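# Chains, contacts and geometry: an overview
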Amino acid sequence: MLAHNKSKQLFDRAQNVLVGGVNSPVRAFRGVGGDPLFIERAQGPHVFDADGNQYIDYVQTWGPAILGHAHPDVVAAIVEQAGRGTSFGAPCTLEIELAELVSQAVPSVEKVRFVSSGTEATMSALRLARGVTGRDGIVKCEGCYHGHADSLLVKAGSGVSTLGLPDSPGVPADLAKHTYNVPYNDADALEKLLADAQGKIACVILEPVAGNMGCVPPTNNYLRKVRELCTAHDVMLIFDEVMTGFRVALGGAQAHFGVKPDITCFGKVIGGGLPVGAFGASANVMSQLAPEGPIYQAGTLSGNPLAMAAGLATLKPLFDNGVYEQLSAHATQLWRGIVERAQDVGFDAVGTSVGSMFSVFFADAVPHNFQDVKASNAERFKKFFWGMLEHGVYLAPSAFESGFMSLAHGEQEIAKTLAAAEKTFAAMKSA
Ligand code: KE4
């Protein structure tokens, strides 16, 4: 058994001063039981915990580390900029350069506003859509996560499309009532809701590849149907590409599937591990935002030079030829190898991937929505998680998260991961 004594000591100490010992709930390992590891450093495809254990990392700080951890170009860019100042609270050249790169990669984004998290990006995108349309209603998909802004912390009640019910204390019912939920991958449910709520809806926001219920790809033409429905009902379509942006393709999911949203949200990869989010749209839509227009949005650290430098150093290599083909091939090779080894011991298992994000589900069919995912074998996932950890592989500590492949992961890491899976499944079978 790997020693986790120092992580345990740190966790005990952390809980005295940090809520739940963490600064973001999913890190607390509540999804798999047990205590979280404290990570001391990371390098390439690996993270190292406080006890000195090395793990092949597929969490990648929840997506940003697409080049691998501590990439020399990213570190050098951060160090160089840090010596020139970390934040000016004034326009700087690096903001222009990163915005130009985002717009070059994602043509539907003619203008960008940088913020400091994915939550800020989606929260601001909602305000933009509500301000442009003059309507209050928003539609999201059950099981999609868009950060913790009040209007988005609302889950579907029972039924296909329903008035939102607060998913967290502190979200006013008077606000939650403007949030409608529909099942992911169900264009008929969306069509019915838009017809029933005609004239009330400002926007539909969705993850073009759901990544917060595990990796659940859109089924055939779903995104195209959503696009057509939004156009027909004069409703803005927001793609939350905080996870899929620069992760599934250089141009994100909208490039991969050929469907163009009205507003796009970004995060994670575009900051290369530093706090960066962004949202963007046509110049016309973005002109409604202050200081050009009346819709207010602001941020002290938005576009700060240190984060911009990290983002630029992270995105530039992604424009090289063959990058996404490698990432996609490795992600597919990984989940297929894990699924095969699970099936070899008689476990139901399926896998999904889009670009470099992937999941394995202990189920007999590929899930298409949150209900399907909730029907998968979560207890088996927990055993899988801990077995892989024991064999030096760090997966997301929740069955409702995606895994991520980086450019630093090579054949050796994949082979080691599959060997770990084989040992883990053998132990699970004999338990
Ligand atoms: P942040 O505010 O955490 O930067 O971004 C929120 C967000 C928005 N949209 C999507 C599609 C996202 O996946 C996220 C954040 N993702 C989670 C994990 N899947 C972040 C991990 C955490 O909450 O600690």
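Here the residue numbers are simple positions, counted from 1 along each chain's written sequence. In view of the model being predicted, local features appear only for residues whose pLDDT reaches at least 70, and side-chain atom pairs are presented and counted only at 80 or more, with totals across whole chains, interfaces and linings using the full set of residues. The basis for the side-chain values is all heavy atoms of the structure; hydrogens and waters are excluded.

### So, the sheet that holds strand β16 (residues 393-394)
For two strands to be treated as a pair, DSSP must find at least two bridges joining them. For helices the rule is a DSSP run of H or I covering at least 4 residues; for strands it is a run of E covering at least 2, with both sets numbered from the N terminus onward. Ordered in space as β1-β2-β3-β16, the four strands form an open sheet in which the pairing is mixed. The open sheet terminates on both sides in strands that have one partner only, identified here as β1 (39-43) and β16. In the sheet, strand β3 (residues 54-57) pairs with β16 via two bridges, with the strands oriented parallel. Residue pairing across strands places I56 opposite V393, the latter belonging to β16.

### Here's the deal with the site of the ligand
It suffices for a single heavy atom of a residue to lie within 4 Å of a molecule or strand for the residue to be listed as near it. Taken together, 16 residues sit near the ligand, with S24, T119, N212, D240 and E401 positioned nearest. Pairs of N or O atoms are called polar contacts if they sit within 3.5 Å, as long as, within protein, a hydrogen donor faces a hydrogen acceptor (for residues adjacent in sequence, only side-chain-to-side-chain pairs). Interatomic distance of 3.5 Å between a backbone N/O atom of Y145 and a nitrogen atom of the ligand. One nitrogen or oxygen atom from the side chain of D240 is found 2.7 Å from a nitrogen atom belonging to the ligand. Considered on its own, the ligand offers 530 Å² of accessible surface; in the complex 86% of this is hidden by protein. Here the residues of the shell around the ligand are counted per class, giving five nonpolar, seven polar and four charged. Domain borders in the structure are assigned automatically or taken from a domain database. Looking at which domains feed residues into the shell around the ligand, each of domain 1 (5-70 + 320-430) and domain 2 (72-319) supplies at least three. Computed by Shrake-Rupley with a 1.4 Å probe, the accessible areas treat only the displayed protein chains as cover when residues are assessed. Nonpolar residues are Ala, Val, Leu, Ile, Met, Phe, Trp, Tyr, Cys and Pro. Charged residues are Asp, Glu, Lys and Arg, and all others, Gly as well, are polar.

### Points about the packing of aromatic side chains
Between rings of Phe, Tyr and Trp, where Trp is taken as its six-membered ring, a pair exists when centres lie within 6.5 Å; planes separated by under 30 degrees are stacked, by over 60 edge-to-face, and by other angles tilted. Under the defined criterion, the tally for this structure stands at 13 aromatic pairs. An angle of 65° between the planes, with centres 5.3 Å apart, marks the rings of Y184 and Y222 as edge-to-face. With Y184 in the loop between β9 (179-183) and α6 (187-196) and Y222 in helix α7 (residues 222-232), this residue pair connects regions lying 38 residues apart in the sequence. Both rings, one in F362 and one in F384, keep their centres 5.4 Å apart while their planes meet at 75°; by these two values the pair is edge-to-face. Of this pair, F362 sits in the loop between β15 (357-361) and α12 (370-374) while F384 sits in helix α13 (residues 378-390); the two residues are 22 residues apart in sequence, bridging distant segments of the chain. Note on classification: 1.4 Å probe, protein chains only; a residue is buried when its accessible area is under 20% of the maximum for its type, exposed when over 50%, partly exposed between these limits. The buried category is assigned to F362, whose relative accessible area is 5%. We classify F384 as buried; its relative accessible area is 3%.

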